[in-house]
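What follows is each chain in one-letter form.
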Amino acid sequence: MLSERRHIGWHVLLLLICLCVIVPVLFMISNSFKTLQESYHSILQLIPSHPTLSNYRTLDKQINILRMVGNTFLMATLVTLGKVLTGLLAAYGFLNFHFKGKRVVYFLFVATIFVPFTTVMIPNYLVISKMNLLNNVLGVALPQMCDATGIMLFLKAMERVPKSLTESAKVDGIPDRRIFCNIIVPLLKPNIISVGAIFFINSWNEYVWPTLILKDKSSFTLPLALQNYISSEGGTNFPLAMALAVIMIVPPLLIYIVFQRYILSSISNSGLK
Amino acid sequence: MINNSSQVQNKIASRSGPEITGRFRYRLKPLMYLLPSALLLFVFIVIPIGYTFYLSFFNWNLIAPTKEFVGLQNYISVFTDPTNQKVMLNTVIYIILLLILNFIFPYLISLIVNFFIGKMKGAYKVLFFIPSLFSLVVGAMLFSWILNPVSGPAALMLRNFGMKLPQWTNSGSMAIIVICLITNWKVFGYNFILLLTGLGAVPRNILDAAALDGVPKWRVIWNIVLPMNRGVAIYVLILTIVQGLQYVFTPLNVITQGGPYYGSSNILYHTYLNAFVLYKTGSASALATVTFMIFLVLLFVEIKFVEGRNRDVE
Amino acid sequence: METNGFSVELKDVSKSYNKKTNVINEMNLSVRPGEFLVFLGPSGCGKSTTLRMIAGLENPTGGHILINGHDSAAMTSRQRNIAMVFQDYALYPNMTVYQNLEYALRVRKVPKKTRQQRLSTILASLNLSDYKDRYPAQLSGGQKQRVALGRGMAKKSNIFLLDEPLSNIDVQLREKARDQLLQLHAENGQTIIYVTHDQQEAMALGDRIAVINDGKIQMIDTPDNLYRHPTNLFVAQFVGTPQINILPVNFSNHQLTGVDGTVISRPGKNIRANLDEDQSYLLGIRPENVHLHDEQVSGSFPVEVQTIVDYGRYKQLTCKAFGEKFIKAVVNQWPKNATGTACATLDESAMLLFDPNTNQNVLDAQSNYVLE
């Protein structure tokens, strides 16, 4: 019992941190339902006295928000598929085959994680622009279709599959690609879900690369739309911006609510070897 | 065991039907699985590194048909140009702030959650992680509203105490602090979970043995837990620098655009500015190559300490 | 200072994790100073939990634990001064052997010179002097175990708790480790409480053995008494390799008969005194007390030898008897493939009888074995 009382002090600190973490989000949601006037008059009031959907309606008409959502969704899906597929294939390649210089090759793959985007952005921009993929979702997705983080995570997960499963299949003469498709991949389903969810959310939120490639407003993804709205179209209408932000955070939150256990366990394990 | 697996290999080899024979087949197969990733990484990362390096020896503006060769001039100006120097200094400030906010702070909290409380660990993980789900644009917008010196809630509350919130966008150093805070809001939960998991991997028996020896908790943490957790800690530390410097790009671009007068810019943002705003491709490439070198050093540190560490624990 | 002179006492100790079921149920135990006591039982019976409660790593939900006569609930680890050796030794991986042994002393601010003296003696007695600068990862299982013991000796603990410390050592080396442990005990006289699920190990090491099942001590006694006079069926079956034979029998007309009516024996007066007429019992007889003969001997019953397993030291025969029941016998000599009918007698002085409902030994432990 003594220990419970001592813990309360720590919990107070931790709850304070929770507040700092969550309260901004609450303000954001609350403001999205306020009119501009109300937001000025009742800044600290969390629950709006006259909640309204006017901001959302304006977004729909003025900014064609649905198109943005579509762009973002398409891009995130393409990137996620690319990263997951290439990641699974490469991880299996490293798991299953032993060839000279394998460690060096693996090291090179992993080293790509440490390359800052500024080192590659100029040439990639030139390539995409030469391929005429500027202002195109494909132009954003293509350079990102492979992520060595995914290869590392999938390889770790594959190494946890008992070797006896794959070896007995090999002794039975089952070809590698079938072992890959019918044994390894189904066993990795939770990892695919969690890694895929993380990739999707990160891609959904991406700002840097889309900013370079997408210049045409109609091709914007949501983060770009938000930034554009704040800096040019009068960042003084905060409730409108907040509404846009709320729309932006809904899909990641939904994914989190559904797959939270997978996502957190995947992240937890990514630090351990 | 060794005999066993060579028997297995022989069985596999003998059942390999009418396919391409022996060594050639063994060289082809892994290639097919690794090819898509290798190709993508090669085309979009390896070659660009080389091309950026190549570009750093020229003056160009991204559009003109000819480039002017200038040798090492761009590299010299990386270290001598006053703006560049200011930006490099800023980068150091960023790194220090990021380490404090995104490494030390989450580490302290993860120690508290792992060793000083009993319940609700899972709940805190779930809650702390939520901002990681949001785009930094959202974070930037949110905090520039909250910290708005005129109409933001923070300023309002301070006014009640007779204090004024300064116009932080006008000061380079204050802007840096705010931008680091925004990044911290997003990254705290993620780093916290990584560190917490590392702490949780310390075997319970060792903690029991220390408890039996009568060792006070803080000493257990300092002498035993932290050294054992070194691998994870260094990994997170390097992640903080590498990811952090790239993350701050977004709030920089959204709020201050590097200003005022490059007061809040860092080496990565300055590279971007040079490349796509000032169209000084050569300078940008030189800056980018220097950044890459720095990150390579960090990569070697990671390998030496993290991989080596793991071999010890085995 | 010490109320009863016991090293460790458990008084009605209970432990529950979910407020519904008790993992340990009102356990009572008194450990004498200098005793080598073994907790023996199957996995999950609660022996490790009891050990951890004595160590202070967990608190009992009911009852009291006394260390050297004082209630342990209010004690700090230092006051308890108990040494514990874990199954995986729990050595601090980032410290050398010397630093591992030294750590508890450093924390207690023991002066450096005293530390050095004490530790060099301990290192010498454990044959670890040459390894003092090595890290745990570089040691063998046996060496790690000695370091773990050394940690306790450095603290000058009088009570050592060992949780299955030999299970991570190769079988061939286990005996040597066992001997070293016994020698240590003989030299230093600490109270040792040793947890294991290996009954042979328990029999070899313990002064007394506490057989634990379902959170309760089934029986606590010397190895010999456990073997010859088990108080209940569980103890009889848990102790002894090969396992004891248990056969359902009936007692009527002064005879013990098998399920198919075959007469097994006509027990003597002392045994009969404990049995009720027309009652069924469970007969326990160890394989080495089942004697097989080629031809009929008085008081024997027919069996059919089915399989013979040669263990080198002895041969184990599995026989069919009383219709569908199996009985195992252990003999030194038996013709190689001689399966088939034979005659068996049971050593009456070694017979055990259990009540089929309570599983308790119905024969009074002591008075019975005055041979007739």
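This report concerns the structure included in the present document. (Residues numbered from 1 in each chain as written. Chains lettered and ligands numbered in written order. Predicted model: local features only at pLDDT ≥ 70, side-chain atom pairs only at ≥ 80, totals over all residues.)

Each helix and strand counted, chain B has 14 helices and two strands in total. At a minimum sequence separation of 6, the contacts of chain B that also span at least 24 residues come to 70%. (Helix = DSSP H or I, 4+ residues; strand = E, 2+ residues; numbered from the N terminus. Contact = placed C-beta atoms within 7 Å.)

The next thing to look at is the interface of chain C and chain B. Between chain C and chain B, the residue contacts involve 18 residues of the former and 17 residues of the latter. Counting residues per element, the ones that place at least two in the side of chain C that touches chain B are α2 (77–80), β6 (82–85) and α3 (97–107) of chain C. For the side of chain C that touches chain B, the leading source of residues is α3 of chain C, giving three residues.

This next bit is on the sheet that holds strand β3 (residues 36–40) of chain C. Residue and element names in this part refer to chain C. On the basis of which strands lie adjacent, the open sheet formed by six strands has the order β6-β7-β8-β3-β9-β10 and mixed pairing. At either margin of the open sheet sits one strand with a lone partner, and together these are β6 and β10 (216–221). With strand direction ignored, the average angle separating the axes of adjacent strands in the sheet is 20 degrees. Pairing between β6 and strand β7 (residues 159–163): four bridges, direction parallel. For isoleucine 82, the partnering residue across the bridge sits in β7 and is isoleucine 159. Along the sheet, helix α5 (residues 141–154) contacts β6 and β7; its crossing angle with β6, the most-contacted strand, is approximately 170 degrees. (Pairing = 2+ DSSP bridges. Axes fitted to C-alpha atoms, helices over the stretch in contact; angles between N-to-C directions.)

So, on to the interface of chain A and chain B. Facing 70 residues of chain A, the contacting portion of chain B comprises 80 residues. No other element matches helix α14 (residues 238–271) of chain A, which puts 13 residues into the side of chain A that touches chain B.

Let us now look at the environment of glutamate 175 of chain C. All names here are of chain C. Note that glutamate 175 resides in helix α6 (residues 171–188). By the C-beta count within 10 Å, which is 13 here, glutamate 175 ends up partly exposed. The sequence separation of glutamate 175 and glutamate 201 amounts to 26 residues, and the corresponding C-alpha distance is 9.1 Å. (Buried ≥ 20, exposed ≤ 12 C-beta atoms within 10 Å, placed from the backbone.)

Right, let's get into helix α4 (residues 112–125) of chain C. Residue and element names in this part refer to chain C. In this model α4 runs 20 Å from its N-terminal to its C-terminal C-alpha over 14 residues, within 8% of the 20 Å that 1.5 Å per residue would give. The set of residues buried in α4 consists of Leu119, Ile122 and Leu123. Along α4, the residues classed as buried sweep out an arc of 100 degrees about the axis, all on the same side. Away from its buried face, by an angle of more than 90 degrees, α4 presents the exposed residues Lys113, Thr114, Gln117, Thr121 and Ala124. One or two residues past the end of α4 sits asparagine 127, with phi positive at roughly 60 degrees. (Expected span 1.5 Å × (residues − 1). Arc of directions from axis to C-beta.)

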